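Per-entry structural report
Each chain, letter by letter, is given below.
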Amino acid sequence: MNSNSLKLLCLISIWPAYAWAQEKPYQDFSADVELEERFFFNEGLYEGQKQNYLSIALRPEYFVEWNNGRSSFKMSLFGRYDQHDENRTHADIRELYWRMVRDNKELSVGLKEVFWGVTESAHIVNVINQTDIVESFDGEAKLGQPMVHYSVVKPYGTFDAFVMPYFRTPTFPGENGRLRTPFLIDADDIEFESDMEEFHPDLAFRWSHFFGVFDIGISHFYGTSRQPLIKEGEAFELEFALVNQTGLDLQATTGPVLWKLEAIYNSNGIKDYTALAAGFEYTFGNVSGKGLDIGLLGEYLYDSRDELAFNSLQNDVFTGVRLAFNDMSDSQLLAGAIFDLHEGSRLISVEGSRRFGETWTVELEGRFFKNVSDKEFVHFMRRDSFLRLVVSKYF
């Protein structure tokens, strides 16, 4: 971050001190430490890549609330040290913001994480935060986004407006890292369509509401795209374009079935495109009276960019099963696969977690690349099938 951004964060961080001058606030401090092992089944395609990657991560979080809950401050930090990948050794401010609530209005200033979306296999409408690429393969981990966020709740829906003065450039895996392209991507060499580069102001708006069984969100984003585009005619050149993106997320709850849809239209200076993810989740509740919930998932994924997309979800089907045991240990399991309908590539995934005692959690994640076509973006990672084991201690 630049010096102006750091000054802004320092100003935001003094807000908790105001609480002690007014009243005794509610405070909460927590942290978790995780030990992670990633094991790759095959030797890497590129020199320097290993098969075992051991790392340790720390997530401290502080929250304070005062003025009868109308004012609050939150700080959430993250840091990881990785044994081999120098770029995966990194730190980030996930959230650092002050919030004020008055009647049906809310104002937040600082770094925040904002999530939009309803589907399981991809969150194409989720455009506010940049993906922490070195942290998670599935794009679930996000970088904190500097913003001013204003929200108002009306009988006819919730309106959210965002002003984002700074773009977070992602970090890509280093020379010894896995799940990378054959070309090392240096953030300093990434191109921007805007002459203002990271300082181009971004704007976003969203309206959300519910009607009977329907939950709906309509959004629009203008600014620097969080996902780079592969420039046409280049061997491998990435550009963060200025985009206008309109999105729709819709979920209908009909008994045991959730119907889900995410769709976008993205207008940019390289190649306009549409994308969608649509499907369902059918849940069998309390199977055999044992408290087990079984969810069956199916989704279709489409992206009109074809080979220009920075993903491999142009014409794919996702199927999966979710198990929630509803036990004291909060045991969960999600297994699924994405099938490319044109090229025949498959990505199989398994995610499970279980709590031990009051403060320990074990997570297991597996990603397996099968029959990957050389026309797919993930062809660069075809030898990167892996298992990830995480043991976490909460304080």
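Summary of the structure given here. (Residues numbered from 1 in each chain as written. Predicted model: local features only at pLDDT ≥ 70, side-chain atom pairs only at ≥ 80, totals over all residues. Heavy atoms only, no water.)

The number of helices and strands found in the protein is 2 helices and 21 strands. The proportion of buried residues among the 395 residues of the protein is 46%. Expressed as a percentage of contacts within the protein between residues at least 6 apart in sequence, the contacts between residues at least 24 apart total 55%. For the protein, the accessible surface area stands at approximately 19,300 Å², while carbon and sulfur atoms represent 58% of it. (Helix = DSSP H or I, 4+ residues; strand = E, 2+ residues; numbered from the N terminus. Buried < 20%, exposed > 50% of the residue type's maximum accessible area, 1.4 Å probe, protein only. Contact = heavy atoms within 4.5 Å. Areas by Shrake-Rupley, 256 points an atom, 1.4 Å probe, with all protein chains shown as cover.)

As paired elements, strand E5 (residues 105–112) and strand E6 (residues 145–154) share 8 bridges and run antiparallel to each other. Of the residues in E6, the one forming a bridge with Val109 is Val148. The pairing of E6 with strand E7 (residues 157–164) spans 7 bridges and is classified as antiparallel. Looking at the pairing, Tyr150 lines up with Ala161 of E7. (Pairing = 2+ DSSP bridges.)

Summed over the entire model, instances satisfying the criterion amount to 15 aromatic pairs. Between Tyr282 and Phe284, the ring centres sit 4.8 Å apart and the planes meet at 55°, which makes this aromatic pair tilted. Taken together, the aromatic side chains of Phe39, Phe41 and Phe368 make up a single cluster linked through ring pairs. Above the plane of the ring of Tyr97 lies Lys112, whose end atom (NZ or CZ) is 5.0 Å from the centre. Over the face of the ring belonging to Phe395 we find Lys393, whose NZ or CZ atom lies 5.7 Å from the ring centre. (Phe/Tyr/Trp six-rings, centres within 6.5 Å; stacked < 30°, edge-to-face > 60°. Lys NZ or Arg CZ within 6 Å of the ring centre and 35° of its normal.)

Of note, Asn67 is a non-glycine position whose phi angle comes to about 55°, a positive value. The backbone of Asp330 shows a phi angle near 55°, a positive value even though the residue is not glycine. Here Asp330 shows up in the loop between strand E17 (315–324) and strand E18 (332–340).

Another aspect to go through is a nonpolar patch on the surface. The grouping of Leu35, Phe39, Phe41, Leu54, Ile56, Tyr81, Phe356, Trp360, Leu364, Leu387, Leu389 and Val391 at the surface amounts to a nonpolar patch, some 1,100 Å² of accessible area in total. Those elements that provide at least two residues to the nonpolar patch are strand E1 (26–40), strand E2 (52–66), strand E20 (360–370) and strand E21 (386–394). Ranked by residue count, the leading element in the nonpolar patch is E21, at 3 residues. Mapped onto the fold, Leu364 is located in strand E20. (Patch = residues over 30% accessible without salt bridge, like charges linked within 9 Å, V, L, I, M, F, W, Y side chains within 5 Å. Salt bridge = Lys/Arg side-chain N within 4 Å of Asp/Glu carboxyl O.)

This next bit is on the nonpolar core. Ranked by internal contacts, the top residues of the largest apolar core, which has 17 residues, are Phe40, Leu179, Leu301, Ile338, Phe369 and Met381. Core analysis: the second largest hydrophobic core is formed by 16 residues, Trp116, Ile128, Leu229 and Val243 among them. (Core = buried A, V, L, I, M, F, W, Y, C linked by side-chain atoms within 4.5 Å.)

Among the structural elements, Met164 can be located in strand E7. Once the C-alpha coordinates of Met164 and Val148 are considered, the two residues, 16 residues apart in sequence, prove to be 6.6 Å apart. Once residues within four sequence positions are removed from consideration, Met164 is found in contact with Ile128, Gln145, Pro146, Met147, His200, Pro201, Asp202, Leu203, Ala204, Phe221 and Arg226.

Looking along a regular strand, one sees side chains alternate from face to face of the sheet. Bridging between strand E16 (residues 292–303) and E17 involves 10 bridges; their strand directions are antiparallel. Across the sheet, residue Tyr302 finds its bridge partner in E17, namely Asn315. With 9 bridges connecting them, E17 and E18 associate as antiparallel partners. Bridge pairing in E18 links Ala324 to Gln332.

Next up on the list: the side chain of Glu198. Note that Glu198 resides in the loop between strand E8 (191–192) and strand E9 (202–211). Salt bridges are absent for the buried Glu198, whose nearest opposite-charge side chain, Arg168, sits at 9.5 Å. Aside from chain neighbours lying at most four places away, what touches Glu198 is Pro165, Tyr166, Phe167, Thr169 and Phe192. (Lys, Arg positive; Asp, Glu negative; His and termini not counted.)

Take Asn87: it is sitting in the loop between strand E3 (71–82) and strand E4 (90–102). Overall, Asn87 belongs to the partly exposed group, its relative accessible area being 25%. Setting aside its immediate chain neighbours within four residues, Asn87 contacts Val134, Thr171, Phe172, Pro173 and Gly174. Engagement of the side chain of Asn87 in a polar contact is seen with the backbone oxygen of Phe172, the distance being 2.8 Å. (Polar contact = N/O pair within 3.5 Å; in protein donor to acceptor, adjacent residues only side chain to side chain.)

Bringing the environment of Glu36 into the picture now. Summarising the element assignment, Glu36 is placed in strand E1. Taking C-alpha positions, Glu36 is 7.0 Å from Arg388, a pair spaced 352 residues apart along the chain. Those residues in contact with Glu36 that lie beyond four places of it in its chain are Tyr53, Leu54, Ser55, Arg80, Arg88, Arg388, Leu389 and Val390. Separated by 2.7 Å, the side chains of Glu36 and Arg88 make a polar contact. Polar contacts involving the side chain of Glu36 include one to the side chain of Arg388, which spans 2.6 Å.

If you trace the backbone, Ser329 turns up in the loop between E17 and E18. Assessed through its relative accessible area of 16%, Ser329 is described here as buried. Setting aside anything within four residues of it in sequence, one finds Ser329 in contact with Arg354 and Arg355.

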